[in-house]
Amino acid sequence: MTHQPQDKESAPTREQLREKIEDTRDELGRTVEALAAKADVKAQVKAKAAVIKEQTAEKAAHVGDRLRDKAAEATESVKDKTPDPVLDKAAHTATHLRDSVARAGQLAADKTPDPVHEKAHMAATMAKANRTPLIAAATVALALVLLVRRGRRRR
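Residues numbered from 1 in each chain as written. Predicted model: local features only at pLDDT ≥ 70, side-chain atom pairs only at ≥ 80, totals over all residues. Heavy atoms only, no water.

Participant: A description of the overall build of the chain should follow, citing residues and the corresponding values.
Facilitator: Within the chain, the regular secondary structure consists of 5 helices and 0 strands. Listing every helix and strand of the chain by position from the N terminus yields α-α-α-α-α. For 155 residues, the compact-globule estimate of 2.2 N^0.38 gives 15 Å, and the C-alpha radius of gyration of the chain, at 40 Å, exceeds that figure by more than 25%. A principal-axis box enclosing the C-alpha atoms of the chain has dimensions of 120 × 60 × 45 Å. Roughly 14800 Å² of accessible area belongs to the chain as shown, and the carbon and sulfur atoms make up 61% of that amount. The centroid of the 30 positive side-chain charges in the chain is displaced by 16 Å from the centroid of its 23 negative side-chain charges. (Helix = DSSP H or I, 4+ residues; strand = E, 2+ residues; numbered from the N terminus. Rg over C-alpha atoms; globule rule 2.2 N^0.38 Å. Areas by Shrake-Rupley, 256 points an atom, 1.4 Å probe, with all protein chains shown as cover. Lys, Arg positive; Asp, Glu negative; His and termini not counted. Charge placed at Lys NZ, Arg CZ, Asp CG, Glu CD.)

Dropping the structure here:
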């Protein structure tokens, strides 16, 4: 019951049929890949998140630049509107304050005995070397203090 073609020229050859099958398979593969990509919601979300992250970073940079510009304009405006004697007095006061703080620090350092300096240096070195246990101990101590205070409030 096979149908025999009456005209040999109109019937496709085996090679043509194979090519057509191969083309159909390729097209089907591309279609399946496209459908799989549409169905991969996780990948779509990641791609969208990356785009939004990039846009947000650009907007943040733009806003930051605008804020810096506005702050610079405001600073210049205030300087322009402030009388020179006030600016001079502010600069003199700032210099005097810096000098006073430096002198006070030097006096405190001069009056502190050397053994205290050495002990403080050793304590700082040990604290840096043992950060994790110190943090854990501080956390436990804080928790105990909070528990004691909480217990006192209930009474």
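Participant: Tell me about a negative patch on the surface, and please be specific about residues and values.
Facilitator: Where like charges cluster on the molecular surface, the negative patch consists of E15, E19, E22, D23, D26 and E27. Here D26 shows up in helix α1 (residues 14-39). (Patch = residues over 30% accessible without salt bridge, like charges linked within 9 Å, V, L, I, M, F, W, Y side chains within 5 Å. Salt bridge = Lys/Arg side-chain N within 4 Å of Asp/Glu carboxyl O.)

Participant: Any details on a nonpolar patch on the surface? Residues and values, ideally.
Facilitator: Together, V140, L144 and L147 give the surface a local cluster of nonpolar side chains, amounting to about 290 Å² of exposed area. Along the chain, L147 falls in helix α5 (residues 131-154).

Participant: Give a description of the confidence of the model for the chain that names residues and reports values.
Facilitator: Residues of the chain with pLDDT of at least 70 account for 94%, and the chain-wide mean is 84. No element of the chain has a lower mean pLDDT than helix α3 (residues 84-111), at 83, and none a higher one than α1, at 91. (pLDDT = per-residue confidence, 0-100.)

Participant: Quick rundown of the pattern of salt bridges? Include the residues and the values.
Facilitator: Tallying each qualifying case throughout the model produces 1 salt bridge. R68 serves as the salt-bridge partner of D65, at 2.8 Å between the closest nitrogen and oxygen. Residue D65 and its partner R68 are located together in helix α2 (residues 41-81), separated by 3 residues, close to a single helical turn. Residue class for R68 comes out exposed when judged on its relative accessible area of 54%. (Buried < 20%, exposed > 50% of the residue type's maximum accessible area, 1.4 Å probe, protein only.)

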